[in-house]
Amino acid sequence: MDEHSAVSEHVVTAKEAGLVSCTHCARVWPIGTAACARCGARLVSRDEKSMSRVWAWWFVGLLCYIPANVFPMLQTTFLARTSGDTIVGGAIVLMMHGAIPVGLVILLASVVIPIAKFIAVAYLALSVQFRLPSDQLRRMKLYELVEFIGRWSMIDVFVVAVLTALVQLSVVVSIQPGSAAVAFALAVVFTMLAARSFDSRMIWDSLETPAEAEPDDSRKDFLS
Amino acid sequence: MSSMQNIQADLEQLIACPACDALYRAALPENGERAVCPRCHTVLIAPVDGAVIRVVAFAVAILILLVSAMFMPFLSIEAGGLSHSTSIADAALSFSEYHMLGLSIGVVALIIFVPIARAILVIFALFPLMLDKKPWRGARTAFRLSEELRPWSMAEIFVLGVGVALVKVAAMAHVELGMAFWLFVALVLVTVFQDGFLCRWSIWSALEQGDRQNG
């Protein structure tokens, strides 16, 4: 595998070669083509509007995430006494009952990952907008991590769904969902949309050298 | 040396990394090997022998598992002579009884509709290809839709959520795991295997060539 020899060299991008790439099926077309003739996806060389979409979803996501933590996620009625648990409160109760790993999973999926995701998406967007010269590969890995892990935050919503359906023992004990469930689900969906709106090709644009880079055959052949 | 015309003449042999836009001449790696973008390390091509048949077979399996899970007992609890059981549909729809209809619809979509829709779209897109026939009209749109739906298919996250819920309940009641629970666990494994065999680039070029050869 000689693929690593190419890293130090300047890589020709589809944009520099006067082409537009399809992010769905990897086919390339002459620049200006509106839709990919292979898979039908809309073609944009660099989605300039993507940053405003990222920030729009990011802000609504954050707006939903605040009530998601303030209001109770689920309410337990035990012998006619009802008590509500927020996300953090519920995880702490679990850990006090000895289920420490499960409490940690909930804290990780519902608190650590969402907050880290807000920070990561903001950092990626700012780094592209201000053309920060930070390590592209590291930012790419961060983006892939955000895309991969974001969906897992939905776990707490499913926990509430299952508990609500299952724990219905007439007057003794029953569980109802709290209003935070809706806000939390929306926050997860909106941050997923924020991450998906991000055009990762723009991370790599700061590497581009100005016009003198003429496409050269030898540079395109290292894909083995 | 090459010129722009030269590049545009053989556009079909080029591949642009969907993650970083680097342009390469596509060369099919050996079966089981992977072509990786040297710049951002995104996997570009990862062909597997008989991938189309396997992907279709897994999609059929997912469909059967999901539909049969709908009609099987899922979970039941029992404590102090009181008992209650629930199906997958009850769990998915549980929010609707508490004025959260929208959330209920969302949960049903994420754990039932989207996985079923993806399986049907993949079967529709690839079934003729499996028999070396011309793909059906709309096959490409179907495959693109199925790929776009991928992050919204959350059956595996649901299974983990069930696990967490069971730990919470285990302290207060006896829980019985029904057939539907195990079908969902199997579903997660099948989905993971299917994703491992799915090389998007190979399927896209197969769809393109299938149309050309038999059209």
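Keep in mind that this is a model prediction, so the values were computed, not measured.

1. Overview of the overall build of chain B
Then comes step 1: For chain B, the count of helices and strands is eight helices and seven strands.
Then comes step 2: Its C-alpha atoms give chain B principal-axis dimensions of roughly 85 × 35 × 35 Å.
Then comes step 3: Within chain B, the fraction of its 215 residues that count as buried is 51%.
Then comes step 4: The contacts of chain B with a sequence gap of at least 6 include a subset with a gap of at least 24, amounting to 62%.
Then comes step 5: Carbon and sulfur atoms form 63% of the exposed surface of chain B, whose accessible area is close to 9800 Å².
Then comes step 6: In chain B, 14 side chains carry a positive charge and 17 a negative one; their mean positions are 7 Å apart.

2. A look at the sheet that holds strand β5 (residues 75-79) of chain B
Residue and element names in this part refer to chain B.
Then comes step 1: Pairing is antiparallel across the open sheet formed by three strands, whose spatial order is β6-β5-β7. Edge positions in the sheet fall to β6 (82-86) and β7 (174-177), since each of these pairs with one other strand and no more. Averaged over all pairs of adjacent strands, the angle between their axes in this sheet comes to 15°, without regard to strand direction.
Then comes step 2: With five bridges connecting them, β5 and β6 associate as antiparallel partners. Residue pairing across strands places E78 opposite S83, the latter belonging to β6.

3. Observations regarding the UniProt feature "transmembrane region" (unreviewed entry) in chain A
Residues and elements named next belong to chain A.
Then comes step 1: Those places that UniProt annotates as "transmembrane region" (unreviewed entry) correspond, in this numbering, to residues 55-74, 86-109, 153-175 and 181-198.
Then comes step 2: Along residues 55-74 one finds 80% helix and 5% strand; the C-alpha atoms at either end are 30 Å apart.
Then comes step 3: In residues 153-175, helix accounts for 52% and strand for 22%; the two terminal C-alpha atoms are 21 Å from one another.

4. Considering a nonpolar patch on the surface
Then comes step 1: A contiguous nonpolar patch, built from V88, I92, V93 and M96 of chain A and spanning about 340 Å² of accessible area, is present on the exposed surface.
Then comes step 2: Examined against the element boundaries, M96 of chain A turns out to sit in helix α2 (residues 87-96).

5. Quick notes on the environment of I112 of chain B
Residues and elements named next belong to chain B.
Then comes step 1: With respect to the element layout, I112 can be found in helix α4 (residues 101-130).
Then comes step 2: Residue I112 is classed as buried on the basis of its relative accessible area of 6%.
Then comes step 3: As for I112 and L44, which are separated by 68 residues in sequence, their C-alpha atoms are 30 Å apart.
Then comes step 4: Non-local contacts of I112, meaning those with residues more than four positions away in its chain, are made with L66, M70, I88 and A92.

6. Overview of the interface of chain B and chain A
Then comes step 1: Counting residues at the interface gives 73 residues for chain B, matched by 81 residues for chain A.
Then comes step 2: Carbon and sulfur atoms supply 71% of the area that chain B and chain A bury against each other, a total of about 7100 Å² over both sides.
Then comes step 3: Linking chain B with chain A are four salt bridges.
Then comes step 4: The partner of R46 of chain A in a salt bridge is D21 of chain B, and the shortest N-O contact between them spans 2.8 Å.
Then comes step 5: Where chain B packs against chain A, one counts 20 residue pairs in polar contact (both at pLDDT 80 or more).
Then comes step 6: Counting residues per element, the side of chain B that touches chain A draws most heavily on helix α6 (residues 155-170) of chain B, at 12 residues.
Then comes step 7: Of the residues in the side of chain B that touches chain A, the class split is 47 nonpolar, 12 polar and 14 charged.

7. Some details on unusual backbone geometry
Residue and element names in this part refer to chain B.
Then comes step 1: One non-glycine residue, D21, lies in positive phi territory at about 75°.
Then comes step 2: For D21, a relative accessible area of 1% corresponds to the buried category.
Then comes step 3: A positive phi is found at H99, a non-glycine position, where the angle reads about 60°.
Then comes step 4: Here H99 shows up in the loop between α3 (88-93) and α4.

8. Considerations on the UniProt feature "transmembrane region" (unreviewed entry) in chain B
Then comes step 1: Residues annotated by UniProt as "transmembrane region" (unreviewed entry) correspond here to residues 51-75, 103-131, 152-173 and 179-198 of chain B.
Then comes step 2: With 73% helix and 0% strand, the stretch residues 152-173 of chain B has end C-alpha atoms that lie 33 Å from each other.

9. Focus: the packing of helix α3 (residues 100-129) of chain A against helix α5 (residues 155-166) of chain A
Residues and elements named next belong to chain A.
Then comes step 1: Contact pair α3 / α5: the axes reach a minimum separation of 9 Å and the direction vectors enclose 125°. Our classification of the angle between α3 and α5 gives oblique. Contacts between α3 and α5 involve V105, I106, A109 and S110 on the former and, on the latter, I155, D156 and V159.
Then comes step 2: Looking at the contact of α3 with α5 residue by residue, the classes come out as five nonpolar, one polar and one charged.

Conventions used here
- Throughout this description, residue numbers start from 1 for each chain and increase along the sequence as written.
- Whichever chain is written first is A, and whichever ligand is written first is 1; the rest continue in order.
- Where totals are concerned, whole chains, interfaces and linings use all residues; where local detail is concerned, this predicted model gives features only for residues with pLDDT of at least 70, and gives and counts side-chain atom pairs only at 80 or more.
- Each side-chain value is derived from all of the structure's non-hydrogen atoms; neither hydrogens nor water enter the calculation.
- Numbering of helices and strands starts at the N terminus; helices are DSSP runs of H or I of at least 4 residues and strands are runs of E of at least 2.
- Burial here depends on accessible area, computed with a 1.4 Å probe over protein chains only, as a share of the maximum for the residue type. Under 20% is buried, over 50% is exposed, and the range in between is partly exposed.
- Here a residue-residue contact requires only that any non-hydrogen atoms of the pair lie within 4.5 Å.
- Here the open area of atoms and residues is found with the Shrake-Rupley method and a 1.4 Å probe, where only the protein chains shown may cover a residue.
- The charge count includes Lys and Arg as positive and Asp and Glu as negative, but it does not include His or the ends of the chains.
- In plain terms, the charge of a residue is placed at NZ if it is Lys, CZ if Arg, CG if Asp and CD if Glu.
- Two strands make a pair as long as DSSP finds a minimum of two bridges between them.
- For helices, the fitted line uses only the C-alpha atoms of the stretch in contact; every axis is such a line through C-alpha atoms, and the angle between N-to-C directions lies from 0 to 180 degrees.
- UniProt positions are given in the numbering used here, feature names are shortened, and annotations may be inferred rather than shown by experiment.
- Candidates for patches are residues over 30% relative accessible area with no salt bridge; among them, like charges are joined within 9 Å and nonpolar side chains (Val, Leu, Ile, Met, Phe, Trp, Tyr) within 5 Å.
- By salt bridge we mean one thing: a side-chain nitrogen of Lys or Arg within 4 Å of a carboxyl oxygen of Asp or Glu.
- The term buried area denotes the loss of accessible surface (1.4 Å probe radius) that occurs when two parts are joined, taken as the sum for both partners.
- Nitrogen and oxygen atoms within 3.5 Å of one another constitute a polar contact, given that in protein one can donate a hydrogen and the other can accept it, and given that sequence-neighbouring residues count only through two side-chain atoms.
- Only Asp, Glu, Lys and Arg are considered charged, only Ala, Val, Leu, Ile, Met, Phe, Trp, Tyr, Cys and Pro nonpolar, and every remaining residue, Gly among them, polar.
- For this classification, under 35 degrees means roughly parallel, over 145 means roughly antiparallel, 65 to 115 means roughly perpendicular, and everything else is oblique.

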